[in-house]
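Topology and contacts: notes
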Amino acid sequence: METKQKVTSKNLILKILIHLFLLSLVGFIFLPMLWLILNSLKTNNELFANSLALPEVWQFHNYVIAWSKGLFAYFKNSVIVSAIALSFILLFSSFFAYGLTRFKLKGSNLIFFVVLGGMALSEQVALVPLYKILQTLHLYNTYLALILPYIAFRIPFTAFLLRSYFISIPKELEEAAVIDGYNSLQIFTKIIVPISKPVLSSCAIVNLNFVWNEFLFANVFLESKSIMTIPIGLMSFKGDMKADYTVMLAGIAVASIPLIALFICMQKQFVRGLTAGAVKG
Amino acid sequence: MKKKKLTPYLYVLPGLLMVLSFVYIPVVANFFYSFFRLSSYSVDKKFVGFDNFVRLFTNEAFPIMIRNNLYYCIISLIVQVGFGTFVALMLESKLTGRLRNFYRNVYFIPALISLSAVGLLFTFVYSPDLGLINNFLESIGLEQYTQVWLGDSKLAIFCIIAMSQWQFTGYITLLMVVAIQSVSTDYLEAAKIDGAGPIRTAVNIIIPLAKEQLLVCSIITIIGAFKVFTEVYSTTSGGPGKSSQVLGTYLYQNAFLHDDMGMAAATGVLIFIITVTVSIIQIKVTKSGEV
Amino acid sequence: MKKDLFKKFLVMVLVICTIVATTGCASKKTDENNTTSTEPTTAAQNTSTEKKEIKFFHRFPDEPFNSFIESKIAEYETAHPDIDIVVTSAQNDPYKEKIKVVVGTDDCPDVFFSWPGEFSERFIREDLVMDLKPYLDADQEWKDSLLATQLAEYTTSDGMVYGIPFRLDGKMFFYNKDIFEEQGLSIPATWDEFIAVCDKLQEAGITPIAYGNQDQWPSAHYIGTLNQMLVSDEVRAKDYEATTGEFTDPGYEKALTYYQQLIPYFSQGTNGLTHDMVRTSFSQGQAGMIYVELVEIPYIKQENPELNYGMFNFPTVEGAGDPTILTGSPEGFVVSSKTKYPEECVEFLKWFLGPEVGAEQAQTIGWFNGSVGIDKAVTDDYLKEAYNVIANATKMGPWFDASLYSTVCNEYLTEVSSLTNGDITTAEAMAKIQKVAKEAQTIAATDK
């Protein structure tokens, strides 16, 4: 009896300590974000006076200014680029993984290795030639200048993930379908895709996170303000001689909301998909 | 018959072509460029042999960049992989209860913010005048500890590294949580019956079983540390002096500030060699790639 | 059997791809309204619009400047229905990168912003910029309406005029009159007086000089000005040229030494502050002096309309150089040598950078273009003073960071940044700069 009580009280203390520790980490994560939101609702003078003080009047219109100062356009561009790139990343990658796992292809090992090898090649290494290539193709400063490289650079990882998941799908399911007279595309759309929804949704979030936030290519391959995506658009809030700091902070907040909201809504599927496919970066 | 043979290739083809034309061709071209002197607005290029590499390796900034990338790598391994795994183990222990998903999700949030937004935010957080850190230190009476942070040659790179840890530790934690969850409960039951405490269970059972994921996380972190660009570009651009210069910013500045695309390509080759070597080690070590 | 279906699907994918591709291109076309009708498809699209398209690329996306530029361009388009001016813009640093990228291609804008000096001259060496001298010679009235000292900045050593000023500029010390009065200080003319003023302010607990060097270019203005006074014109001209640059003259190190003397008087944590942050603190009366550009007067007015300030020249330092030079140079527009409509571009610039728009520009946004006598329209006393400072300057000293070869400039600025933090000595800094200058010699020689 006595020893058991000791154990539980020891456990309780441990529990409290762990929670305190984990909560302090939560505070550590939230602190910069709260500071950001607090100061995005101030005037510049208040920010300069004391960044920890509350504003006299909450400046909600900083958000309106940020939105009308170009954020809306950047948002639109990001949505267009992300939607198109993401669709094709998922389409091409799942086709690719399907083709490799469901058919006996000559040289399939080589093909897989070549595409997988793409994972080891970083964006920096391709930057200069890609930029020259896009210029030659007259794609520099268009949406396609981002979309095409995004697709290409995300296929290896996505295909790798989907392949390992597709392999685990039992062949019997398809055999039944073949008997039903399904062709290969119907098998793909009616059997493989529905079964793979969790892993596909994880792939979608991971890739969306990449595409939505990508900076290097967007910074180099785009020139016009009118087609900039959010990550570089934000940088242009930092004026040449003058920056409207509080408005810029509001812009950062707005730019970060969509993915965070999406993650909170989808976190269950996301984690489930991660477990299913063991997503690696 | 022929038709039938062709179909599977049609599935594979779009992906393969994309990767070949927008990943492989540029990377190969990059090797080619690294032997030339070429600028962005001039049409002619001159063959210069290994000159770009010689200039890269003898550059005064070279040891600084390598050092900074290594700092990035080592600190990220310790904090993101080491500490991140520790947090993951804590979250998956029996002691955290229902709040564990809340913690896990909160820790992951910074990874969803764009690098440039985080960079901009932290230039404020670190600002000596109006920044969160200095204002905070002043408000609790620790003025003597205020720093110039990003403006201090010795601190700048560590400030940027710290920012990255803030952003990505939760990411690794999540990946490790997933790996730990996939450890079969049978093992855990067995350990419990053996009377193993939580720490012993973690060290003896969970870590060995999640070894592969741990390795993958390490590789991601190492490669990430040598590719780092936006974090530095959006905060210090490599300053003060050259103190926070990394390979990524050096490549960028050569290509688009100094019009020295050959030099940029040479830097790219170096990044290529480092990241590919690390990847090969990964394949060798895991062996479970089962290609 | 049902392979057809699959094929159909693939065809669909391809169709989607091409749609995406064409809309992508189309969006580019509408965005930029490319004059490069080399592609037959776009030529077909453009048949309905017979307008002459002039692409215009500037670096003033901040408000109210951007709106002013766009409203003037709209005005011009209304007056000239056959002209369609397509405007794009980028911030300072991105602009430098972007323009280098497009200038050599068919996408090159017809009229674009370019700094005088080396920044433009490297384009001239590649024959990418049009000579405006014939047009100026043909129109004497136009030529006379522009300030000769400012136009001289856009003239090469062999007489080619390649740009017309849009905004005049000069670097001056601004001081807070109230603080100076309180402390019983007067405007310093010499270096010793300047240091005495700084000491006095510091004793009173006021930051003597507001200075933020996080972005590194602010230091270039100090160094550039000191070099002008300490190194003779001929030596500087030789060193600033990439193929002959050595920076071995002792004047350069002396300039760094003078700069070093100021470090204790700068804002705390200089390298962690940006220029606009410290300007805000100056505007709010938290510092005694600041070295600023005259084009910043409108910003100061925005930050604190009540600020009571005055201006004075950089204190004189004895040396081999010329202390009368005003640091700063006009910034303006050049015409691409690839333009299809050279006449139209010049006509547009005559008006856009002429006295009529200039007077309005000075009054509404507080920036002067290169026209003579436009201060008459201005009501603000600070602006009037600024115009007179520039118009009366006998000689301009181009921005140091724009005059140097980019690797040398980069090295110079990073070393000054390290010097500001006390990480290196002036001798070490000069040794490193000399080394990079030597490397630049060989690189620049390869390029020629």
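This structure is a prediction, so every number in the text was calculated from the model and none was measured.

1. Looking at the overall build of chain A
Check the secondary structure of chain A and you find twelve helices and zero strands. Ordered by position from N to C terminus, the α and β elements of chain A give α-α-α-α-α-α-α-α-α-α-α-α. Against the 2.2 N^0.38 benchmark of 19 Å for 281 residues, chain A shows a C-alpha radius of gyration of 24 Å, more extended than a compact globule. Dimensions of chain A, computed from C-alpha atoms along their principal axes, come out at roughly 80 × 75 × 35 Å. Residue burial in chain A is summarised as follows: out of 281 residues, 52% are buried. Restricting to contacts in chain A with at least 6 residues of sequence separation, those with at least 24 account for 77%.

2. Some details on the overall build of chain B
Broken down by element type, chain B carries 13 helices and two strands. With the C-alpha coordinates of chain B rotated into their principal frame, the extents come out at 80 × 75 × 30 Å. When the 291 residues of chain B are sorted by exposure, 53% land in the buried category. For chain B, contacts bridging at least 24 residues in sequence account for 69% of all contacts bridging at least 6.

3. Describing the sheet that holds strand 6 (residues 207–210) of chain C
Residues and elements named next belong to chain C. In spatial order, the strands read 6-7-5-8; together these four strands make up an open sheet with mixed pairing. Edge positions in the sheet fall to strand 6 and strand 8 (309–312), since each has one partner strand and no second. Within the sheet, the average angular offset between the axes of one strand and its neighbour, ignoring direction, is 25°. Across four bridges, strand 5 (residues 171–176) lies against strand 8 in antiparallel orientation. For Phe173, the partnering residue across the bridge sits in strand 8 and is Phe312.

4. A short note on the confidence of the model for chain B
With 95% of its residues at a pLDDT of at least 70, chain B reaches an overall mean of 87. Interface predicted TM-score (ipTM) for the complex: 0.88; the corresponding pTM is 0.86.

5. As for the nonpolar core
Formed by 182 residues in total, the largest nonpolar core has its most connected members in A:Ala85, A:Phe96, A:Ile147, A:Ile151, A:Ile155, A:Phe221 and A:Ile252. If one sorts the elements of this core by residue count, helix 6 (residues 143–167) of chain A sits on top with 18 residues. Apart from the residues lying within four places of it in its own chain, the contact partners of A:Ala85 are A:Ile147, A:Tyr150, A:Ile151 and A:Val211. Ranked by size, the runner-up nonpolar core spans 39 residues in total, among them C:Met172, C:Phe174, C:Ala287 and C:Ala362.

6. Observations regarding the pairing of strand 3 (residues 111–114) of chain C
All names here are of chain C. Burial along strand 3 is two-sided: the face carrying Val111 and Phe113 and the face carrying Phe112 and Ser114 are both buried. Pairing analysis gives two bridges linking strand 1 (residues 52–58) to strand 3, with the strands arranged parallel. Its bridge partner being in strand 3, Phe57 is matched across the sheet by Phe112. Sheet topology note: the strand 3/strand 10 (residues 331–335) ladder contains four bridges and is antiparallel. Across the sheet, Phe112 pairs through a bridge with Val334, a residue of strand 10.

7. Quick notes on the sheet that holds strand 3 of chain C
All names here are of chain C. Reading across from one edge, 2-1-3-10-4 is the order of the five strands in this open sheet, with mixed pairing throughout. A single partner strand is all that each edge strand has here, and the edge strands are strand 2 (83–89) and strand 4 (164–167). Looking at each pair of strands side by side, their axes are set apart by 30° on average, direction ignored. With three bridges connecting them, strand 4 and strand 10 associate as antiparallel partners. Paired with Ile164 across the two strands is Phe333, which belongs to strand 10. Packing against the sheet, helix 3 (residues 65–79) makes contact with strand 1 and strand 2, and its axis sits at approximately 170° to strand 2.

8. Brief notes about the pairing of strand 7 (residues 287–293) of chain C
Residue and element names in this part refer to chain C. Where burial is concerned, most of strand 7 is hidden: six out of the seven residues are buried. Across five bridges, strand 5 lies against strand 7 in antiparallel orientation. What sits directly across from Phe174, in strand 7, is Ile290. In terms of strand pairing, strand 6 meets strand 7 through three bridges, oriented parallel. Bridging from a neighbouring strand, Ile209 pairs with Met289 of strand 7.

9. Points about the interface of chain B and chain A
Facing the 65 residues of chain B at the interface are 75 residues of chain A. When residues of the side of chain B that touches chain A are traced back to their parent elements, those giving at least two are helix 1 (2–33), helix 4 (100–108), helix 5 (115–125), helix 6 (132–139), helix 7 (156–181), helix 10 (211–227), helix 12 (247–256) and helix 13 (261–286) of chain B. Among the elements that line the side of chain B that touches chain A, the one with the most residues is helix 1 of chain B, at 17 residues. Of the residues that constitute the side of chain B that touches chain A, the class distribution is 45 nonpolar, 19 polar and one charged.

10. Overview of the packing of helix 3 (residues 61–102) of chain A against helix 6 of chain A
Residues and elements named next belong to chain A. The interhelical angle for the contact between helix 3 and helix 6, taken along N-to-C directions, is 35°, at an axis separation of 7 Å. Judged by the sense of rotation from one axis to the other, the crossing of helix 3 with helix 6 is right-handed. Per-class residue counts for the contact of helix 3 with helix 6 are 21 nonpolar, four polar and two charged.

11. Brief notes about unusual backbone geometry
The peptide bond linking B:Gly239 to B:Pro240 adopts the cis configuration, its omega dihedral lying at -10°. With respect to the helices, strands and loops of the structure, B:Pro240 is situated in the loop between helix 11 (230–233) and helix 12. A positive phi angle, close to 60°, is found at A:His138, a residue other than glycine. Structurally, the position occupied by A:His138 is in the loop between helix 5 (123–136) and helix 6. Of note, C:Phe247 is a non-glycine position whose phi angle comes to about 60°, a positive value. Structurally, C:Phe247 is set in the loop between helix 12 (233–240) and helix 13 (250–262).

12. Re helix 13 of chain C
Residue and element names in this part refer to chain C. Taking 1.5 Å per residue as the helical rise, helix 13 with its 13 residues ought to reach 18 Å, and the 19 Å between its terminal C-alpha atoms agrees with that figure. Taken as a whole, helix 13 has its buried residues at Gly251, Tyr252, Ala255, Leu256 and Tyr258. Seen along its axis, helix 13 keeps its buried residues to an arc of 160°; they face one direction. Exposed positions of helix 13 whose direction lies more than 90 degrees from the buried face are Pro250 and Gln261. Looking at the buried positions of helix 13, the neighbouring elements they touch are helix 10 (191–203), helix 11 (217–230), helix 20 (406–420) and helix 21 (426–447).

13. Concerning helix 4 (residues 108–117) of chain A
Residue and element names in this part refer to chain A. Those residues of helix 4 that fall on the buried side of the exposure criterion are Ile111, Phe112 and Val115. The arc that holds every buried residue of helix 4, seen down its axis, measures 95°, which confines them to one face. Opposite the buried face of helix 4, by more than 90 degrees, sit the exposed residues Asn109, Leu110 and Phe113.

14. Looking at the packing of helix 3 (residues 61–92) of chain B against helix 10 of chain B
Each pair of packed helices can be summarised by the angle the axes make with each other and by the distance between the axes. Residue and element names in this part refer to chain B. Contact geometry for helix 3 and helix 10: axes closest at 8 Å, N-to-C directions at 150°. On the basis of the axis angle, helix 3 is roughly antiparallel to helix 10. Judged by the sense of rotation from one axis to the other, the crossing of helix 3 with helix 10 is right-handed. Across the interface between the two elements, Asn69, Tyr72, Cys73, Ser76, Leu77, Gln80, Val81 and Thr85 from helix 3 touch Leu214, Cys217, Ser218, Thr221, Ile222, Ala225 and Phe226 from helix 10.

15. A word on the environment of B:Leu115
Note that B:Leu115 resides in helix 5. Note on B:Leu115: 21 C-beta atoms within 10 Å, which makes it buried. Separated by 119 residues in the primary sequence, B:Leu115 and B:Ser234 place their C-alpha atoms 8.3 Å from one another. Those residues in contact with B:Leu115 that lie beyond four places of it in its chain are A:Asn213, A:Phe215, B:Thr230, B:Glu231 and B:Ser234.

Rules behind the numbers
- Residues numbered from 1 in each chain as written.
- Chains lettered and ligands numbered in written order.
- Predicted model: local features only at pLDDT ≥ 70, side-chain atom pairs only at ≥ 80, totals over all residues.
- Helix = DSSP H or I, 4+ residues; strand = E, 2+ residues; numbered from the N terminus.
- Rg over C-alpha atoms; globule rule 2.2 N^0.38 Å.
- Buried ≥ 20, exposed ≤ 12 C-beta atoms within 10 Å, placed from the backbone.
- Contact = placed C-beta atoms within 7 Å.
- Pairing = 2+ DSSP bridges.
- Axes fitted to C-alpha atoms, helices over the stretch in contact; angles between N-to-C directions.
- pLDDT = per-residue confidence, 0-100.
- Core = buried A, V, L, I, M, F, W, Y, C linked by C-beta atoms within 7 Å.
- Nonpolar A, V, L, I, M, F, W, Y, C, P; charged D, E, K, R; others polar.
- Left-handed = near helix turned anticlockwise from the far one by under 90°.
- Expected span 1.5 Å × (residues − 1).
- Arc of directions from axis to C-beta.
- Parallel < 35°, antiparallel > 145°, perpendicular 65-115°, else oblique.

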